[in-house]
Each structure stands twice: as C-alpha cells, then as structure tokens.
Amino acid sequence: ARSSYTGTHRFGGPTIRGSGVGEVDADPTATSPKHEFDAEGAPTGSMLDRQSKEALDVLTEVFLAFTGGAPEMDGRTFVKSMRESWLADAMAYQGLSLPDIDLIFAKCKSKGLRTLNFYEFTDCLAIVAEKTGLSELEVLERVCASGGPT
C-alpha cells in the first residue's frame, strides 16, 4: 500500500488565506479578494459605499454578535441571522426560502471556503434586498434591529 502523505506539514503546514506559513492573514485585503480598497485601506463598493459609518458600525456589532466574536460566519449562522431579521421564512410566504438563503451564501463566499467575512456578508445583504424587493436600507435596518442571536 502506497502512502498518500504529501509532506505538506513537513514544510510548516498549509497556508490558510494568508501570506505566512500556517497563519491566517489579518489584512482585510488578503481575506477579501472580491473587494477593492481605497488608499486608506477602507473597503469600497456595494453596500459599503452607500451606508453611513454609524450604520456599518452597528452592522459590524451585529455580525460579531452572530459569529460569537469570530471574523467569519458559517452557513448555519447566516441562515440564523436571516431568520432573526425576519428575512427568511421556512414556507417562503413572506421572506426568502431556506434554499434561497443557502444559494445566496454560496454565491458570496470565497471559492473553496465554508465561511463569509464581513465584506462578503454585506454582499449577501445586497442580494437579499434584490431578491425580496426591499431596499438595501430596509434589509440593513432589519438585520441591525435583530441585535444578534436570541
């Protein structure tokens, strides 16, 4: 029987989204290749440009509340955030169906990963607004009003 060991860990292990060996890179430009950043390092594009700094600060707090302080959100937590914000409905009478939410999550996450960072989360909210017929501001208000998991 032949071994399938590739020797990856002999050289420090796999690199996880970062530039260092075996370390997660804290630079948001490295963890969000889909977004552009201005000269000061602030993200640009999508919902991020159109909302006030105060609204985005509240959204960041809600995102961290749902993730338990982690910088990334998994699919289960994303579904929970949509339910808590009254944007999801199991029967799809009023909100998005659960398969719709899963598809939105899959569309926005980085390829090969199972989590969303904050910037990808805002992309998801823009798509949720488009699919539900609500404005981006209404979706943002609902998510912020949820305040996090109950």
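Our subject is the structure listed above.
Everything numeric in this text was worked out from a predicted model, so none of it was measured. Throughout, residues of each chain are indexed from 1 in the direction in which the sequence is written. The model is predicted, so local features are restricted to residues of pLDDT at least 70 and side-chain atom pairs to those at 80 or more, both for listing and for counting; the totals for chains, interfaces and linings are taken over all residues. Water and hydrogen atoms play no part in the side-chain values, which are based on all heavy atoms of the structure.

Caption draft 1: Here's a closer look at helix α6 (residues 118–132). By the criteria applied, helices consist of DSSP H or I runs no shorter than four residues and strands consist of E runs no shorter than two, each listed in order from the N terminus. What a helix should span is 1.5 Å times the count of its residues minus one. The end-to-end C-alpha separation of α6 is 21 Å, in line with the 21 Å expected for 15 residues at 1.5 Å each. The buried label goes to any residue with under 20% of its type's maximum accessible area, the exposed label to any with over 50%, and the partly exposed label to all in between, with areas taken from a 1.4 Å probe on protein chains only. Counting buried residues along α6, twelve of its 15 residues qualify, which places the element largely inside the surrounding structure. Every buried residue of α6 is listed here: Phe 118, Tyr 119, Glu 120, Phe 121, Thr 122, Asp 123, Cys 124, Leu 125, Ala 126, Ile 127, Val 128 and Ala 129. In the analysis that follows, any N or O atom pair within 3.5 Å is treated as a polar contact, provided that within protein one partner can donate a hydrogen and the other can accept it, and provided that, for residues neighboring in sequence, both atoms belong to side chains. The N-terminus of α6 is capped by Asn 117, whose side-chain oxygen sits 3.1 Å from the backbone nitrogen of Tyr 119. Once α6 ends, the next one or two residues include Gly 133, with phi positive near 85°.

Caption draft 2: Representation of the nonpolar core within the structure. By size, the foremost hydrophobic cluster in this structure holds 29 residues, and its most contacted members are Leu 59, Phe 78, Met 82, Phe 121 and Val 143. Residue assignment for this core shows that the elements contributing at least two residues are α3 (53–67), α4 (75–84), α5 (98–108), α6 and α7 (136–146). At eight residues, α6 tops the list of elements feeding residues into this core. Contact between two residues is taken to exist if any of their heavy atoms lie within 4.5 Å; hydrogens are not considered. In this structure, Leu 59 is in contact with Phe 118, Phe 121, Thr 122, Leu 125, Leu 140, Val 143 and Cys 144, ignoring residues within four places of it in sequence. We define a nonpolar core as any set of buried Ala, Val, Leu, Ile, Met, Phe, Trp, Tyr and Cys residues linked to one another through side-chain atoms lying within 4.5 Å.

Caption draft 3: Geometry of the packing of aromatic side chains. Two rings from Phe, Tyr or Trp (for Trp, the six-membered ring) form a pair when their centres are within 6.5 Å of each other. A pair whose planes differ by under 30 degrees is stacked, one over 60 is edge-to-face, and the rest are tilted. Under the counting rule described, the total for this entry stands at five aromatic pairs. An angle of 80° between the planes, with centres 5.6 Å apart, marks the rings of Phe 63 and Phe 118 as edge-to-face. A residue pair is termed long-range when its members are at least 10 positions apart, and Phe 63 in helix α3 and Phe 118 in helix α6 qualify at 55 residues. For the pair Phe 63 and Phe 118, one class covers both residues: buried. Geometrically, the ring pair formed by Phe 63 and Phe 121 is tilted, given 5.3 Å between the ring centres and 50° between the ring planes. Placement of Phe 63 in helix α3 and of Phe 121 in helix α6 is noted, with a sequence separation of 58 residues between them. Residue Phe 63 is classed as buried on the basis of its relative accessible area of 2%. A residue is classified by how much of its surface remains accessible, and Phe 121, at 1% relative accessible area, is buried.

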